Amino acid sequence: MNPQVKDLLRENNAREKGLSPQAQEKMTDIVVYLRGQDLSELAQEEIRRDIQEMVLEAEGRGETIDQVIGTDYRAFCDEIVAAVPRSSRRVRALRAVSVILPALSVLMGIWTVNKVVHTLLAGYSPWELTLTVGEVISMVAILLTGVAAVQWVCRTSLDAPKQESKGKGFLRLWALFAGVAAAILLPGLLWKTPLCTIGLFKAVLVTLLPAAIYWGLSRRKDL
């Protein structure tokens, strides 16, 4: 993370503790919503700081966060976001890549360790690891599911809670879980056709490379 963003994040976290419990809860929803917008981390924290200061001043006068922002938090945030200059296509592309890189590094690390363990248990040398078609599909499914889940949480954080029976909500949750689990696990079990062979040293490099690229991108202020 860029040092300027890190300092501002630390200041915002400390400042937020001075808000009332109700305002803190609302600010959490607002921050989550901002995380899903086309904004740099620096812009997100600057907007968060401005809203915090506005609410702190209002609470000092005995007003609530609703009296300052109103009841439509989404419209309030959208108005602020719309006033921020839109990022270039290149920056937006780099921002999207930086979201995926840490997860890709973790997935490759899990795959490498899993392959090494299974190869050793089978009595073979772990220096050459076989990547199958199903494993690639599973990893892509995990990445897409993770990104979609994060985006859904961010975009709906300011939505009013829907009235739904516990039984219906439980069944919907389990159906979603079963569908996602099937999409992630089945390809690896069904499509075992070898795609390529990767040396252990190269697998370690491929695992570390996304993390290194992410670290480099995270130093930029426009992402």
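Residues numbered from 1 in each chain as written. Predicted model: local features only at pLDDT ≥ 70, side-chain atom pairs only at ≥ 80, totals over all residues. Heavy atoms only, no water.

> Teacher, can you tell me more about the overall build of the protein here?
Across its full length, the protein holds nine helices and two strands. Shown N-terminal to C-terminal, the secondary structure of the protein runs as helices and strands in the order α-α-α-α-α-α-β-α-α-β-α. Going through the 223 residues of the protein one by one, you find that 31% of them count as buried. The contacts in the protein between residues at least 6 apart in sequence include a share of 81% that link residues at least 24 apart. (Helix = DSSP H or I, 4+ residues; strand = E, 2+ residues; numbered from the N terminus. Buried < 20%, exposed > 50% of the residue type's maximum accessible area, 1.4 Å probe, protein only. Contact = heavy atoms within 4.5 Å.)

> Hey, could you run me through the packing of helix α2 (residues 21-35) against helix α5 (residues 73-83) in this one?
Helix-helix packing is characterised by the crossing angle of the two axes and by the distance between the axes. Relative to each other, α2 and α5 sit at 45°, their axes nearing to 11 Å. Relative to α5, the element α2 is oriented oblique. Remark: the crossing between α2 and α5 carries right-handed chirality. Residues Lys26, Ile30, Tyr33 and Leu34 of α2 touch α5, and the partners they reach there are Tyr73, Arg74, Cys77, Asp78 and Val81. Here the residues of the contact of α2 with α5 sort into six nonpolar, no polar and three charged. (Axes fitted to C-alpha atoms, helices over the stretch in contact; angles between N-to-C directions. Parallel < 35°, antiparallel > 145°, perpendicular 65-115°, else oblique. Left-handed = near helix turned anticlockwise from the far one by under 90°. Nonpolar A, V, L, I, M, F, W, Y, C, P; charged D, E, K, R; others polar.)

> How should the environment of Phe76 be read in this particular structure?
Checked against the element boundaries, Phe76 lands in helix α5. Given the relative accessible area of 15%, Phe76 is considered buried. Between the alpha carbons of Phe76 and Ile30 there is a distance of 9.7 Å; along the sequence they are 46 residues apart. Every residue in contact with Phe76, bar those within four places of it in the chain, is listed here: Ile51, Met54 and Ile69.

> What exactly am I supposed to notice about the pattern of salt bridges here?
Two side chains of opposite charge can pair, provided their charged atoms sit close to one another. Applying the stated criterion to the full structure yields nine salt bridges. In this structure, Asp7 engages Arg10 in a salt bridge whose closest nitrogen and oxygen atoms are separated by 3.1 Å. Of the two residues, Asp7 and Arg10 are both situated in helix α1 (residues 3-16); the distance of three residues between them amounts to about one turn of the helix. A residue is classified by how much of its surface remains accessible, and Asp7, at 38% relative accessible area, is partly exposed. One salt bridge in this structure joins Lys115 and Glu135, with 3.0 Å as the shortest N-O distance. Remark: Glu135 occurs in helix α7 (residues 133-156) and Lys115 occurs in helix α6 (residues 89-121); sequence separation between them is 20 residues. For Glu135, a relative accessible area of 15% puts it in the buried group. (Salt bridge = Lys/Arg side-chain N within 4 Å of Asp/Glu carboxyl O.)

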